[in-house]
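# Survey of secondary and tertiary structure
Each chain is listed here by its residues.
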Amino acid sequence: MRAFEYLEPATLAEASALLHRCGGRASVLAGGTDLLVQIKASHRQPARVINIKKIPGMDVLTFDAAEGLRIGALVTTREVETSDMARRHYASLAKAVTDFASIQVRNRATVVGNVCRASPSADTLAPLIADRAQVHLYGLSGSRSMPVEAFVTGAGKTALAADELVSRLTVPAPRPYTGKAYLKHGRRVQMELATVGVAVSITVERGQCLDVGIVLAAVGPTPIRAVHAEAMLRDRPISAGLVLQAAHAAMEDARPISDVRASADYRREMVGVLTRRAIELALQETETH
Amino acid sequence: MRQFIALTLNGEPRELAVEPHSTLLDALRHDAGLTGTKKGCDVGECGSCTVLMDGKPTNACLVLAPEAHGCTLVTIEGIQPDPDTVHPVQDQFMRCGAAQCGFCTPGFVVMAKALLDENPQPTRDEIRFAIAGNICRCTGYTKIIEAIEQTAETLRHAPEATR
C-alpha cells in the first residue's frame, strides 16, 4: 500500500481540525473495508488517514419510541443486522445490511461509511431514505443535519465539506401500522452488488395508506425516490390494482443505465417487479404490527 | 516510520513493529512470522485471511496494522487446544476431505470456528450463510459444509471442556 501518515484523533474537534489542515488530502477511516480497497487500487491517494475509532461515544446504537434509532458513526453493519430493535422497527434497513458483503466485512464496515461512500448501488441508502433518516455532520463551524436524501448529491458525492465528518444517523420511530421491506436483486444472494434494490416503508390504517416511502437503488447515480409511485398510493385505499399501478409508476421514476451487471431495460423491468413485491411484503408487515 | 503495537496474539502478549500503512495481514505474515493466514485477493472478497479480532471473524487484509493495537487476535495457528491436538473443525476437515489445495482452508476453519462458537448447532442454511465470504476454487463447498456439520455433531456429544 502507498505510504500515508496515520492519525488517531481523540475528539471530533481534533478530527475536524486535521481534515481542515489537510485540505481534502486526508481520508477518514472508520470500518476501512472500502477505503483500504480504494487505497490499494490507487483510486484514492490520501497523504493522511484519520482513524476516528478512538473518538468516544460514536459506537452507540440506541432506540427509543420517541427519538427513534440513533446509529453512531462507528456502528457496524453487523451490529444493525443482529440488533433485535433494528430488525423489529427498521426491517428494511436490517435486511439491507444482512444482504451486504460477508460477515467478515460486516464486522468492520459501518452503516455511516456506506452512506458516505454514496455508491449508486449502496444497500443502506434506499431504506434510510424511505425511513426519512437524517445525517448529522460535525465541522469546524459547528454541527448541522440534513436528510440522507439531500446528503447524497451524486455517484460517490456527498454534501460533506472538507472539514466535516458524519457523527451519526438518526431514523424517526415508525408510526403505528407501518410495514417495511427491502428487496435486493442480484445474480447471487451474498457477496453481491445490487442490480436493482427497492425499499418500501408504508403506513396503512383501516385499508387507507396514510404515508409511504418508495426508494430505488442502483437505477440512477443516487438513490431515487419514486415520487409518482408514492403519489399513487398516498391517502388512497390500498388494493392489488393500485399496488400494480404504483409499481408501473416506479418504472417511470427509475433512471437506469446499462453496465456490466445489467441492461437499462432489464433494470427497469425489475424495478416494476421488485416494487410490487416490496409493497406487498411491507403491507404484510403492517398487519403484524 | 514503524510504530509499536501491543496485542494478545494467540493467547500470548506480543509487541510488533509495524508500518502504519501496512495491513494486519502483512503484519501477521511478515512481522509476526505467522504465515498460516493466507493472502488471496487482498480486497476482502475471498476470506482466506480470516482471523478472529476480539472474537469476531474479520478479513485481516482490510484492517490497518496499527488498528490491532490493544486487541485480542486469534489466527489459524492459535485455534488448536494444545500443540498435539487439532481443533475439532480441523479434524473434521481432514476426515471429510474438505481440503484440496488447502489455500482457503485456514480461512474456512477460522470462520467455521467463529460460527460454532456463536451457534453450536447451525442448520445447513446457516452454515452456507456464514461461509459466504470464503471462496474455495477446488472442492465445490459440499465437503466443507459436511465437515462443519460433522463438527457440530461431534461437539453435541463432546464434554464442554474440549470445545
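Remember, it's a predicted structure, so these values are computed and weren't measured experimentally.

### Considerations on the environment of Pro122(B)
All names here are of chain B. Turning to its location among the elements, Pro122 is positioned in the loop between α3 (105-118) and α4 (124-130). Between the C-alpha atoms of Pro122 and Ile148, which are 26 residues apart in sequence, the distance is 9.0 Å. Contact partners of Pro122, with chain neighbours within four places excluded, come to Leu115, Ile127, Ala130 and Ala152.

### Observations regarding unusual backbone geometry
A positive phi is found at Met191(A), a non-glycine position, where the angle reads about 50°. Of note, Met191(A) is situated in the loop between β11 (178-185) and β12 (196-205). Taking the C-beta count within 10 Å as the criterion, Met191(A) has 18 such neighbours and is therefore assigned partly exposed. Although it is not a glycine, Tyr141(B) sits at a positive phi angle of roughly 75°. Along the chain, Tyr141(B) turns up in the loop between α4 and α5 (142-157). Taking the number of C-beta atoms within 10 Å as the measure of exposure, Tyr141(B) has 16 and is therefore partly exposed.

### Some remarks on the interface of chain A and chain B
Between chain A and chain B, the contact holds 20 residues from the first and 22 residues from the second. Elements supplying a minimum of two residues to the side of chain A that touches chain B: α2 (35-40) and α6 (103-106) of chain A. In terms of residue class, the side of chain A that touches chain B is made up of 10 nonpolar, seven polar and three charged.

### Focus: the UniProt feature "domain: FAD-binding PCMH-type" (unreviewed entry) in chain A
The positions UniProt marks with the feature "domain: FAD-binding PCMH-type" (unreviewed entry) are residues 1-176 of chain A. Structurally, residues 1-176 of chain A comprises 32% helix and 25% strand, and the distance from its first C-alpha atom to its last is 50 Å.

### Quick look at the sheet that holds strand β1 (residues 5-7) of chain A
Residue and element names in this part refer to chain A. If you walk across this open sheet you meet the three strands as β1-β3-β2, and the pairing is parallel. At either margin of the open sheet sits one strand with a lone partner, and together these are β1 and β2 (26-29). On average, each strand axis in the sheet is tilted by 20° relative to the strand beside it, whichever way the strands run. When β1 meets strand β3 (residues 48-51), the two strands line up parallel, connected through three bridges. When the bridges of β3 are listed, Leu7 appears paired with Ile50. Contacts from helix α1 (residues 12-22) reach β1, β2 and β3 within the one sheet, and its direction differs from that of β3 by about 165°.

Cut-offs and rules
- Residues numbered from 1 in each chain as written.
- Chains lettered and ligands numbered in written order.
- Predicted model: local features only at pLDDT ≥ 70, side-chain atom pairs only at ≥ 80, totals over all residues.
- Helix = DSSP H or I, 4+ residues; strand = E, 2+ residues; numbered from the N terminus.
- Contact = placed C-beta atoms within 7 Å.
- Buried ≥ 20, exposed ≤ 12 C-beta atoms within 10 Å, placed from the backbone.
- Nonpolar A, V, L, I, M, F, W, Y, C, P; charged D, E, K, R; others polar.
- UniProt positions renumbered as here; feature names shortened; annotations may be inferred.
- Pairing = 2+ DSSP bridges.
- Axes fitted to C-alpha atoms, helices over the stretch in contact; angles between N-to-C directions.

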